[in-house]
Amino acid sequence: MKKRSLCFKYGSFSAALLALALGMASCHLEKKTGTDQSRAIKTEDITWEEKPSAEGCKLTAAYPTDNSSAVTQNIREWMNEQLGGTYTGSLDDGKKLLEYYGTERAEQVKRDIAEIGENTAMDASAYYVQFKKAFETEKFITYTSEIYEYSGGAHGGESLSGGVFRKSDGRKFGWDMFTANGKEKLRGMIKKWIEKEFLQSKQR
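Overview of the structure.

**Things to note about the nonpolar core**
Link 1 in the chain: By size, the foremost hydrophobic cluster in this structure holds 26 residues, and its most contacted members are L59, M79 and L83.
Link 2 in the chain: Counting residues per element, the ones that place at least two in this core are strand 1 (43–49), strand 2 (57–64), helix 2 (70–82), helix 3 (94–116), strand 3 (126–136) and strand 4 (140–150).
Link 3 in the chain: Here the element with the most residues in this core is strand 2; it accounts for five residues.
Link 4 in the chain: Excluding its chain neighbours within four sequence positions, the residues that come into contact with L83 are L59, L98, Y101, Y127, V129 and F131.

Here it is in structure tokens:
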């Protein structure tokens, strides 16, 4: 397979930066107050993978398991939207959700190969999805979504996005929660954090 190339859309990258920024604040709060593990969102690590084949479809998720929780429902709906939003079945079973999109993708690739021909770069296609629980505090939880696609040619594309959810009611936070001045301050915080991490990595 060709070397991966990161092709971020501005919106996805901005969402990832927002998740990073709020996650940084969450980590800072967690260091001060600690996290009550009994109040952590319960999740199950699930995976759906196409049988060994040229399609290379694999989807994984830290799937929230509390069916009665508003935040759980909103996280699940966000995952569905990240994958295309066409799944209309129950979100209680994360394996069915991943299987739906994985099978859909694998079948599409098979149709493309049949149409274009097997002796093309399409027979080395891939589709990888990973949902991670990135940060968590007493009041908030942050998820990230990474999707990599390769369908022939020189390289594939990868998108990264994030979602920050309030545990009490499941509300999802985004850029719309900031004023114009607040966005500039947030960008400054992110820039300083990246510069600090970069300098520390060079000193190691």
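**Looking at the sheet that holds strand 1**
Link 1 in the chain: Spatial strand order, 1-2-3-4-5-6: six strands in an open sheet with mixed pairing. Where the open sheet ends on each side, the last strands, each with one partner, are strand 1 and strand 6 (172–173).
Link 2 in the chain: Sheet analysis places strand 2 next to strand 3, joined by five bridges and oriented parallel. Bridge pairing in strand 3 places A61 opposite F131.

**Here's the deal with the pattern of salt bridges**
Link 1 in the chain: By the definition in use, this model includes six salt bridges.
Link 2 in the chain: With a closest N to O distance of 3.1 Å, D92 and R76 form a salt bridge. Of this pair, D92 sits in the loop between helix 2 and helix 3 while R76 sits in helix 2, and the two are 16 residues apart along the sequence.
Link 3 in the chain: For R76, a relative accessible area of 1% translates into the label buried.
Link 4 in the chain: Of the charged contacts, one joins R166 and D169 as a salt bridge, the two residues approaching to 2.8 Å between their closest N and O atoms.
Link 5 in the chain: Each of K133, E136 and K167 takes part in a single network of salt bridges with overlapping partners.

**Observations concerning helix 4 (residues 180–203)**
Link 1 in the chain: When the terminal C-alpha atoms of helix 4 are compared, their 35 Å separation across 24 residues agrees well with the 34 Å that a helix rising 1.5 Å per residue should span.
Link 2 in the chain: For helix 4, the full list of buried residues reads G182, L186 and I190.

Quick notes on the rules
- Residues numbered from 1 in each chain as written.
- Predicted model: local features only at pLDDT ≥ 70, side-chain atom pairs only at ≥ 80, totals over all residues.
- Heavy atoms only, no water.
- Core = buried A, V, L, I, M, F, W, Y, C linked by side-chain atoms within 4.5 Å.
- Buried < 20%, exposed > 50% of the residue type's maximum accessible area, 1.4 Å probe, protein only.
- Helix = DSSP H or I, 4+ residues; strand = E, 2+ residues; numbered from the N terminus.
- Contact = heavy atoms within 4.5 Å.
- Pairing = 2+ DSSP bridges.
- Salt bridge = Lys/Arg side-chain N within 4 Å of Asp/Glu carboxyl O.
- Expected span 1.5 Å × (residues − 1).

Remember that the coordinates give geometry; whether it matters functionally is a separate question.
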